[in-house]
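Given next are the chains, with one letter for each unit.
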Amino acid sequence: MINMGIGILHKYKDHIDLDGAAPISMGEGDTPLIYSDYLSKETGASVYLKIEGCNPSGSFKDRGMVVAVCKALQKNKKILVCASTGNTSASASAYAAKFGLTSAIIIPSGNIAKGKLAQAMAFGAKIIAIDGSFDDALNIVRKLENESSIEIVNSINPHRIEGQKTAAFEIIDSLGSIDYLCIPVGNAGNISAYWKGFKEYSSLKNFDPPKMLGFQAEGAAPIVKGKVIDSPDTIATAIRIGNPASWKSAGIALAESNGSIHSVTDDEIIESYVNLARKDGVYCEPASAAGIAGLLKLSKKVDFNEKKITCVVTGNGLKDPSTSEKFASTNIYPAKSELSEVLEAINKKV
Ligand SMILES: *Cc1c(COP(=O)(O)O)cnc(C)c1O
């Protein structure tokens, strides 16, 4: 495909209004859409995985960041600032490095997955760890709005949603149409972006947009429960959010698409996280597995037979090695550096 690797701003230039800003790219988008034999068999549906961990910084956040940074450069901004559960900061600091900007990231102390923090450090971000939650960090960031050199690149930045909607375009370009989209929900920007993408594209490409199925972690399920959660808690740090910034637009996406939102437990998330690796060879981060866990849970009640479903696998498993160590580790067999011992270990019954 001639368009591969050119980035979403070039590929979908007719669908994103940059208002005169010069398009930039780090090769985001064009992520794999893989048929899951395992999940298809479990649900009776044709289930596809949209592997967003293949974006430049390892999560879907790059699709939105490229638009936000493109606009920031047009406005001559010098500093990108975001509150982050990890992936927004990894993405912002990567684009800042490439395009000559400073990045300052505000994170909840002790609650960021190791790999994401390592990325921000490697990209040279200024890292500010507050003794509060993600929601506290976002409240501080909102107050920086009038600083003239600063561009806030959280998903309250409308350009982020514009970029993230392109994943919906790619799914339709590949599959023509789907019946359901399964997606983890934290700040609810992504579910809103997908819905925007499906709606815009459906009027051009003549297909019915899918029902949106959102999934929150049980300890961080404000939309499911209909109230702000003061101390959200889940192993899936990327969706550990108690007061989603895009709550309202997510509600619209769910209502307009005839979709629904549900919660899954941490145990269900971990089970799907391990199974996705062991049965599909896809290494994702825990938040990404929430959508898979949710699909499996719903399939016990809803008839998905012969439906076409896409699960958004939002981020790369390498970002969170501690969760693997804890829940997906296996034995390491010590052996002398000799053929016989190595063969013996290979053939040992587990
Ligand atoms: C940000 C993120 C989410 C949640 O997306 P929202 O737009 O905040 O709902 C889910 N998974 C991963 C890996 C993320 O980085």
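Our subject in this report is the structure included herewith. (Residues numbered from 1 in each chain as written. Predicted model: local features only at pLDDT ≥ 70, side-chain atom pairs only at ≥ 80, totals over all residues. Heavy atoms only, no water.)

Turning next to the nonpolar core. Core analysis: the largest hydrophobic core is formed by 35 residues, its most contacted members being Leu-39, Leu-49, Leu-276, Ile-292, Phe-304, Ile-309 and Val-313. Per-element accounting of this core gives the leading share, eight residues, to helix α13 (residues 286–298). Apart from the residues within four sequence positions on either side, Val-313 is in contact with Leu-49, Lys-50, Ile-51, Glu-52, Gly-53, Leu-276, Val-282, Cys-284, Ser-288 and Ile-292. By size, the runner-up hydrophobic cluster in this structure holds 26 residues, among which are Tyr-12, Ala-167, Tyr-194 and Val-312. (Core = buried A, V, L, I, M, F, W, Y, C linked by side-chain atoms within 4.5 Å. Buried < 20%, exposed > 50% of the residue type's maximum accessible area, 1.4 Å probe, protein only. Helix = DSSP H or I, 4+ residues; strand = E, 2+ residues; numbered from the N terminus. Contact = heavy atoms within 4.5 Å.)

As a further point, take the side chain of Ser-202. Looking at the element boundaries, Ser-202 is found in helix α9 (residues 189–205). With a relative accessible area of 17%, Ser-202 lands in the buried category. A polar side-chain atom of Ser-202 sits 2.9 Å from the main-chain carbonyl oxygen of Lys-199. Apart from residues no more than four positions distant in its own chain, Ser-202 is found in contact with Phe-207 and Pro-209. (Polar contact = N/O pair within 3.5 Å; in protein donor to acceptor, adjacent residues only side chain to side chain.)

Residues in a regular strand project their side chains so that they alternate between the two faces of the sheet. Relative to strand β5 (residues 126–130), strand β4 (residues 102–108) runs parallel, the two being bridged by five bridges. If you follow Ile-105 over to β5, its bridge partner there is Ile-127. Assessed by its sense of winding, the connection that carries the chain from β4 through helix α5 (residues 114–122) to β5 is right-handed. (Pairing = 2+ DSSP bridges. Right-handed = clockwise from strand over helix to strand, strands pointing away.)

This part takes up the sheet that holds β4. Taken in spatial order, the four strands of this open sheet run β5-β4-β3-β6, and their pairing is parallel. Because the sheet does not close on itself, it has two edges, and the strands there are β5 and β6 (150–152). Neighbour-to-neighbour, the strand axes of the sheet open up by a mean angle of 20°, direction not taken into account. Relative to strand β3 (residues 79–83), helix α4 (residues 87–98) is tilted by about 175°, and along the sheet it contacts β3 and β4. (Axes fitted to C-alpha atoms, helices over the stretch in contact; angles between N-to-C directions.)

This brings us to the packing of aromatic side chains. In the structure shown here, the tally under the stated rule is six aromatic pairs. Considering the side-chain rings of Tyr-35 and Tyr-48, the 5.4 Å spacing of their centres and the 70° angle between planes classify their relative orientation as edge-to-face. Here the residue Tyr-35 occupies a position in strand β1 (residues 33–35), and Tyr-48 occupies one in strand β2 (residues 46–51), the gap between them amounting to 13 residues. In this structure Tyr-48 comes out as buried when scored by relative accessible area, which is 18%. Relative to Phe-99, the ring of Tyr-95 lies with its centre 6.4 Å away and its plane at 15°, an arrangement referred to as stacked. Under the relative-accessibility criterion, Tyr-95 is labelled buried at 0%. Ring pairs connect the aromatic residues Tyr-12, Phe-169 and Tyr-201, which therefore count as one cluster. (Phe/Tyr/Trp six-rings, centres within 6.5 Å; stacked < 30°, edge-to-face > 60°.)

The final tally for this structure, using the stated rule, is zero disulfides. Left unpaired, Cys-284 is separated from the closest cysteine sulfur, that of Cys-311, by 10 Å. (Disulfide = S-S within 2.5 Å.)

Of all seven residues making up strand β8 (residues 211–217), six are buried, and the element is well covered by its neighbours. Here strand β7 (residues 180–184) pairs with β8 via five bridges, running parallel. Along β8, the bridge assignment pairs Pro-184 with Phe-215. Taking the sense of rotation as the criterion, the β-α-β connection linking β7, α9 and β8 turns out right-handed. Direction of pairing for β8 relative to strand β9 (residues 260–264): parallel, over a ladder of five bridges. Bridge pairing in β9 places Phe-215 opposite His-262.

Close to the ligand lie 15 residues; Lys-61, Asn-87, Asn-187, Ala-188 and Thr-314 are nearest. Taking Lys-61, its side chain carries an N or O atom lying 2.6 Å from an oxygen atom of the ligand. In this structure, Thr-314 approaches the ligand through a side-chain N or O atom, which is 2.7 Å from a nitrogen atom. The fraction of the free accessible surface of the ligand (380 Å²) that becomes covered by protein chains is 96%. Each residue belonging to the shell around the ligand can be placed in one class, and the counts come to six nonpolar, seven polar and two charged. (Near = heavy atom within 4 Å. Areas by Shrake-Rupley, 256 points an atom, 1.4 Å probe, with all protein chains shown as cover. Nonpolar A, V, L, I, M, F, W, Y, C, P; charged D, E, K, R; others polar.)

Between its terminal C-alpha atoms α13 stretches 19 Å, which fits the 18 Å expected from 13 residues at 1.5 Å a residue. Most of α13 is tucked away: 12 of the 13 residues are buried. Buried within α13 are the following residues: Pro-286, Ala-287, Ser-288, Ala-289, Ala-290, Gly-291, Ile-292, Ala-293, Gly-294, Leu-295, Leu-296 and Leu-298. (Expected span 1.5 Å × (residues − 1).)

Residues Leu-339, Val-342, Leu-343 and Ile-346 make up a contiguous nonpolar surface patch of about 410 Å² in total accessible area. Checked against the element boundaries, Leu-339 lands in helix α15 (residues 339–347). (Patch = residues over 30% accessible without salt bridge, like charges linked within 9 Å, V, L, I, M, F, W, Y side chains within 5 Å. Salt bridge = Lys/Arg side-chain N within 4 Å of Asp/Glu carboxyl O.)

Strand order in the open sheet made by the six strands is β1-β2-β10-β7-β8-β9, with mixed pairing throughout. Strands with a single pairing partner mark the edges of an open sheet, and in this sheet they are β1 and β9. Between one strand axis and the next, the sheet turns through 25° on average, direction left out of account. Across six bridges, the pairing between β2 and strand β10 (residues 308–313) is parallel. Its bridge partner lying in β10, Ile-51 is registered against Val-313. Packed onto the sheet, helix α8 (residues 166–175) meets β1, β2, β7 and β10 and runs at close to 135° relative to β2.

All quantities given are derived from atomic positions and should not be read as evidence of function.
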